[in-house]
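If you want the building blocks of each chain, they are given just below.
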Amino acid sequence: MTSTDSAQTAAATTPAKAPAKDPWDLPDVSGLVVGVLGGTGPQGKGLAYRLAKAGQKVIIGSRAADRARAAAEELGHGVAGADNAETARRSDIVIVAVPWEGHGKTLQALREELAGKLVVDCVNPLGFDKKGAYALKPEEGSAAEQAAALLPDSRVTAAFHHLSAVLLQDPAIDEIDTDVMVLGEERADVEIVQALAGRIPGMRGIFAGRLRNAHQVESLVANLISVNRRYKAHAGLRVTDV
């Protein structure tokens, strides 16, 4: 057999390479229930409002069920309210939007309820002094990595860090023209969160790496706070070339 024959035989027996997956081919998440822990705070409330307005089934959670129900009634669009544990149990995806100071304690208490759930951490560990906002670095590396350490039976991702709570809650704004950086270990989980972000008009979810990169993403909020205070703006993030 000649070298040409050998090459042709090898080519014939080598399986064809599968075409690259379209990064914008994302799953349908419209039927999933989204819970928002810390849903009575500005960020959580804004996310709940936008997702519910887009047709997503949303439950907002709080340490006090009556406070969650009152906030849900205020938001409308079918939003339900419950305590954090019930919110976690009833949801397919759980967004963590609690204050950094209560982040670890809240997740530790909900470890059982969050088992098997897709958890989206959007908490930014920040400190404030007379010079302004500055980033904190948790022992685990980031808030998202702390969540992953505390929730070994959950699928932890990170997203929604850079969104303006003011814009999210403003009913006069129809579209929020911004990108959401999504981080996670499993691409399938990341794509679900990307698709969820894309439910909000004007918003786009983009893959931004694994959880080990979450600290940089969380820390950027300190810079955005400085920008927004200086220019009286509500800046977010837009990666125009993606």
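So, a few notes on the structure that sits alongside this text. (Residues numbered from 1 in each chain as written. Predicted model: local features only at pLDDT ≥ 70, side-chain atom pairs only at ≥ 80, totals over all residues. Heavy atoms only, no water.)

1. Quick word on the overall build of the protein chain
The line we're drawing: Runs of E in the DSSP output that reach at least two residues are strands. Runs of H or I that reach at least four are helices, and both are numbered from the N terminus. Exposure categories follow from relative accessible area, calculated using a 1.4 Å probe and restricted to protein chains: below 20% of the type maximum is buried, above 50% is exposed, and the middle band is partly exposed. The contact rule is simple, with two residues in contact once any of their heavy atoms fall within 4.5 Å. Each accessible area value is a Shrake-Rupley result obtained with a 1.4 Å probe; residue values ignore everything except the protein chains displayed when judging cover.
Helix and strand content of the protein chain: nine helices and ten strands. The proportion of buried residues among the 242 residues of the protein chain is 49%. When contacts within the protein chain are restricted to residue pairs at least 6 apart in sequence, those whose partners lie at least 24 apart make up 72%. Carbon and sulfur atoms provide 51% of the accessible area of the protein chain, an area that totals close to 12400 Å².

2. A look at helix H2 (residues 42-53)
The test is simple: A helix is expected to span 1.5 Å multiplied by its residue count minus one.
Its twelve residues place the ends of H2 16 Å apart at the C-alpha level, agreeing with the 16 Å of an ideal helix rising 1.5 Å per residue. Here H2 lies mainly inside the structure; ten of its twelve residues are buried. Among all positions of H2, only Gln43, Gly44, Lys45, Gly46, Leu47, Ala48, Tyr49, Arg50, Leu51 and Ala52 are buried. Considering only its buried residues, H2 is in contact with strand E1 (33-37), strand E2 (57-62), helix H3 (65-75), strand E4 (93-96), helix H7 (165-169) and helix H8 (187-197).

3. Observations concerning the sheet that holds strand E8 (residues 155-158)
Through backbone hydrogen bonds, the strands of a sheet pair up, either in parallel or in antiparallel fashion. Test applied: Criterion used throughout: strands pair if DSSP finds at least two bridges between them. Between N-to-C directions, angles cover 0 to 180 degrees, with each direction set by a line fitted to C-alpha atoms, over the stretch in contact for helices.
Ordered in space as E3-E2-E1-E4-E5-E8-E9-E10, the eight strands form an open sheet in which the pairing is mixed. Whereas interior strands pair on both sides, the edge strands pair on one side only; in this sheet they are strand E3 (80-83) and strand E10 (203-207). Taking each pair of neighbouring strands and ignoring which way they run, the sheet shows an average axis angle of 30°. Its contacts with the sheet put H8 on E1, E4, strand E5 (118-121), E8, strand E9 (178-184) and E10, and the angle it makes with E10 is roughly 165°.

4. What to know about the nonpolar core
Most often, soluble globular proteins keep nonpolar side chains buried together rather than apart. Keep this limit in mind: To form a nonpolar core, buried Ala, Val, Leu, Ile, Met, Phe, Trp, Tyr and Cys residues must be joined to one another through side-chain atoms within 4.5 Å.
In terms of nonpolar packing, the biggest core is built from 35 residues, with Ile60, Ile95 and Phe160 touching the most fellow members. Those elements giving two or more residues to this core turn out to be E1, H2, E2, H3, E4, E5, E9 and H8. Looking at this core, the element that brings in the most residues is H8, giving six residues. Ile60 has contacts with Val36, Gly39, Ala48, Ala68, Ala71, Ala72, Leu75, Val79, Ala80, Gly81, Ala82 and Thr87, leaving out every residue within four places of it along the chain.

5. Looking at the pattern of salt bridges
Once the charged atoms of two side chains with opposite charge are near each other, the side chains can pair. Here is the rule we go by: Counted as salt bridges are all cases of a side-chain nitrogen of Lys or Arg within 4 Å of a carboxyl oxygen of Asp or Glu.
This structure, assessed with the given rule, holds six salt bridges. As a salt-bridge pair, Lys45 and Glu74 come within 2.9 Å of each other at their nearest N and O atoms. Residue Lys45 is found in helix H2, and its partner Glu74 is found in helix H3; the two are separated by 29 residues along the sequence.

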